[in-house]
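Here is what each chain is made of, one letter per residue.
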Amino acid sequence: DGVDLRRHDAARRIVLRLADEHSRRPTSTLSVRELFEVGWPREHIADASAANRVHVALSKLRKGGLQQILRREETGYRLDPSCLVFRRPESSRSE
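An account of the accompanying structure is given in this report.

Cut-off values and rules
- Residues numbered from 1 in each chain as written.
- Predicted model: local features only at pLDDT ≥ 70, side-chain atom pairs only at ≥ 80, totals over all residues.
- Heavy atoms only, no water.
- Helix = DSSP H or I, 4+ residues; strand = E, 2+ residues; numbered from the N terminus.
- Buried < 20%, exposed > 50% of the residue type's maximum accessible area, 1.4 Å probe, protein only.
- Contact = heavy atoms within 4.5 Å.
- Axes fitted to C-alpha atoms, helices over the stretch in contact; angles between N-to-C directions.
- Parallel < 35°, antiparallel > 145°, perpendicular 65-115°, else oblique.
- Left-handed = near helix turned anticlockwise from the far one by under 90°.
- Nonpolar A, V, L, I, M, F, W, Y, C, P; charged D, E, K, R; others polar.
- Phe/Tyr/Trp six-rings, centres within 6.5 Å; stacked < 30°, edge-to-face > 60°.
- Core = buried A, V, L, I, M, F, W, Y, C linked by side-chain atoms within 4.5 Å.

The next subject is the overall build of the chain. Secondary structure assignment for the chain yields three helices and two strands. For the chain, the succession of helices and strands along the chain, N to C, is α-α-α-β-β. Relative to its 95 residues, the chain shows a buried fraction of 33%. Long-range pairs, those at least 24 residues apart, make up 57% of the contacts in the chain with a sequence separation of at least 6.

Here it is in structure tokens:
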């Protein structure tokens, strides 16, 4: 089924950033700090709290159907380089 991310802005921003990175450099990773900055722009909190927020958002994404393609590496997170990622234009998303 998947997860509706319309009410989960941080998780939505994180998955979009992972998809953008995947399209440019499929084997590169994004650190927990980078994902926090994407998910919660302009917020400044302790590293442990930031990591917790990111891990909760990533868990939501896994439960929403990304468990097979969301990869954790030593240097951070990425989408599986072998998967194809398609993004719908923003205007075609159902509200």
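At a minimum axis separation of 8 Å, helix α1 (residues 9–24) and helix α2 (residues 32–39) run at an interaxial angle of 125°. When the axes of α1 and α2 are compared, the pair comes out oblique. Here α1 runs over α2; the crossing is right-handed. Residues Ala10, Arg13, Ile14, Arg17 and Leu18 of α1 lie in contact with α2, whose contacting residues are Leu35, Val38 and Gly39. Partitioning the contact of α1 with α2 into residue classes produces five nonpolar, one polar and two charged.

One non-glycine residue, arginine 42, lies in positive phi territory at about 70°. One can find arginine 42 in the loop between α2 and α3 (47–66). Residue arginine 42 is classed as exposed on the basis of its relative accessible area of 75%.

With that settled, the discussion passes to the packing of aromatic side chains. In this structure the tally under the stated criterion is one aromatic pair. Between phenylalanine 36 and tryptophan 40 the ring centres are 5.4 Å apart and the planes differ by 20°, which places this aromatic pair in the stacked class. On the basis of relative accessible area, phenylalanine 36 is assigned to the buried category, the value being 0%. Given the relative accessible area of 15%, tryptophan 40 is considered buried.

Nonpolar side chains in soluble globular proteins tend to end up buried together. Membership of the largest hydrophobic core comes to 21 residues, with the highest contact counts inside it found for Ile14, Leu18, Leu35, Trp40, Leu58 and Leu61. If you list the elements that add at least two residues to this core, you get α1, α2, α3 and β2 (76–79). Discounting residues that sit within four places of it in the chain, leucine 61 has contacts with Leu5, Ala11, Ile14, Val15 and Leu66.

By themselves, these observations are geometric and do not establish any function.
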